Amino acid sequence: MRRPIAFLAAALLVGAFAVPASAADADGDGKFTIKDPRITESSGLAASRQHPGVYWTHNDSDDGAYLYAVDGRTGETVATITLTGVGTPRDVEAISIGPGNQIYVGDIGDNLGGTWPHVWIYRLPEPKDLRDRTIKATQYTVTYSDGARDAESLVVHPKTGRVYIVDKNEKGGHLYEGPAELSPSGTNVFRPIAGVPDLEATDATLSPDGRHLVVRSYFGSLAYDWNGGKIKRAGRLGVPFLGQGESVTYTADGKKLMYGAEGADSPVEPQDAPGADDSDSRSGKGTSASSGSGGAGLDGSLTTGAIAVAAVLVLLFGLRGLRRRR
């Protein structure tokens, strides 16, 4: 994953001013820290359906074909899965669980800015017992109808099993729909069906009932009504500032969103999910009225001063970069 200097400078400064998220005391699924020293670039997160409180994650690139099952109560890895039948992963960015407890892994990143002719999706059954093992996965080749692109967000509809991708673009991307059934022998063409503006998508998640889609960026997220794939924007959500915000998943019961980040000892923290509590929705808890673009919608997780100073830093570094290019 590319890490612009301006982003890193802002992230470090904003982190110094960060205020702990109010949802840290959430009942049910609480915050935890991923403790496994092997997991330094947790780039995707998926809540297990058959192992309550367990979350599947993976590293970004340069790790290998590995998945890690992390206990949300302790932060400890309880199982490591080695995938076979998939070659050498290139840039794994997303993970999702579909019908029948099938795990889908999105090797869909493109650090070259959208130049690779194809990317891959891997599918494997989630094991019924958690222990270290090797599992053969099915590999699917993926292209886009409108040309190659970078992406970090993959979701699988919990009812139909259809796979969707949201591409990553600073100016906003699109929701891409895959074929009704993926083919392991041919090329699976994904086509844009809806815009996802005002957000540089780093992950996405569908609610367990398939009614709501949440797409996150480094510093904010947007909620959509799924509406049969013809998504309708429902509002901007606040996210806890955890560093380089990379992942999000609904909890298995659909009541919370779990937000994660890259880095060693990376934190995972909950926020109320859209529509999970009507009283909270009416009071504005867990939402933001901000209508800015990109990383807006911080919902009080940061002080105003920190945001202002971070914005100045981003501007300064951006101007410096422009001068160098000239």
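Nothing here was measured: the structure is a model prediction, and the numbers come from that model.

Novice: Tell me about the overall build of the protein, and please be specific about residues and values.
Specialist: Scanning the protein from terminus to terminus reveals three helices and 22 strands. Burial statistics for the protein: of 326 residues in total, 53% are counted as buried. A sequence separation of at least 24 residues applies to 55% of the contacts in the protein between residues at least 6 apart. Element-wise, carbon and sulfur atoms account for 50% of the exposed surface of the protein, whose accessible area totals about 14100 Å².

Novice: Mind laying out the side chain of Ser266, listing which residues take part and the relevant values?
Specialist: Within the secondary structure layout, Ser266 lies in the loop between strand 20 (256–261) and strand 21 (267–272). Among the residues examined, Ser266 registers a relative accessible area of 1% and is labelled buried. Of note is the side chain of Ser266, whose polar atom sits 3.3 Å from the backbone oxygen of Ala261. For Ser266, the contacting residues outside a window of four places in its chain are Phe32, Thr33, Ile34, Ser42 and Ala261.

Novice: I'd love a proper account of the nonpolar core, names of residues and values included.
Specialist: Core analysis: the largest hydrophobic core is formed by 20 residues, its most contacted members being Trp56, Leu67, Leu83, Ile103, Val105 and Leu124. Listing elements by their share of this core, those giving two or more residues are strand 3 (54–58), strand 4 (66–71), strand 5 (77–84), strand 6 (94–98), strand 7 (102–107) and strand 8 (119–125). Residues in contact with Val105, not counting those within four places in the same chain, are Leu67, Val92, Ala94, Ile95, Trp120, Ile121, Tyr122 and Leu124.

Novice: Please give an account of the sheet that holds strand 20 that cites residues and values.
Specialist: Pairing is antiparallel in the open sheet, where four strands are placed in the order 1-21-20-19. Taken across any chain shown, the strands that pair with only one partner, and hence form the sheet edges, are strand 1 (32–33) and strand 19 (245–250). When strand 20 meets strand 21, the two strands line up antiparallel, connected through five bridges. Across the sheet, the residue bridging to Tyr259 is Glu269, located in strand 21.

Novice: So, the side chain of Arg216: which residues are in play, and what are the values?
Specialist: Secondary-structure assignment places Arg216 in strand 16 (residues 212–216). The side chain of Arg216 sits in the buried core without any salt bridge; Asp203 is the nearest counter-charge, 7.0 Å away.

Conventions and cut-offs
- Counting from 1, residues in each chain are numbered in the order their sequence is written.
- Predicted model: local features are reported for residues with pLDDT of at least 70 only, side-chain atom pairs are reported and counted for 80 or more only, and whole-chain, interface and lining totals are derived from all residues.
- Side-chain metrics in this entry use all non-hydrogen atoms of the structure; hydrogen atoms and water are not considered.
- Numbering goes from the N terminus for both helices and strands, where a helix is a DSSP run of H or I of at least four residues and a strand is a run of E of at least two.
- Relative accessibility thresholds used throughout: buried, under 20% of the residue-type maximum; exposed, over 50%; partly exposed, between the two (1.4 Å probe, protein chains only).
- Whether two residues touch is decided by their heavy atoms; if any such pair falls within 4.5 Å, the residues are in contact.
- We get accessible surface area from the Shrake-Rupley algorithm with a probe of 1.4 Å; when it comes to residues, only the shown protein chains can shield them.
- Any N or O atom pair separated by 3.5 Å or less is treated as a polar contact, with the protein-specific requirement of one donor-capable and one acceptor-capable atom, and with residues adjacent in sequence counted only for side-chain atom pairs.
- Buried Ala, Val, Leu, Ile, Met, Phe, Trp, Tyr and Cys residues form a nonpolar core when they are joined through side-chain atoms within 4.5 Å.
- Strand pairing is assigned whenever DSSP identifies at least 2 bridges connecting the two strands.
- Working convention for charge: Lys and Arg count positive, Asp and Glu count negative, and His plus the chain ends are omitted.
- Counted as salt bridges are all cases of a side-chain nitrogen of Lys or Arg within 4 Å of a carboxyl oxygen of Asp or Glu.

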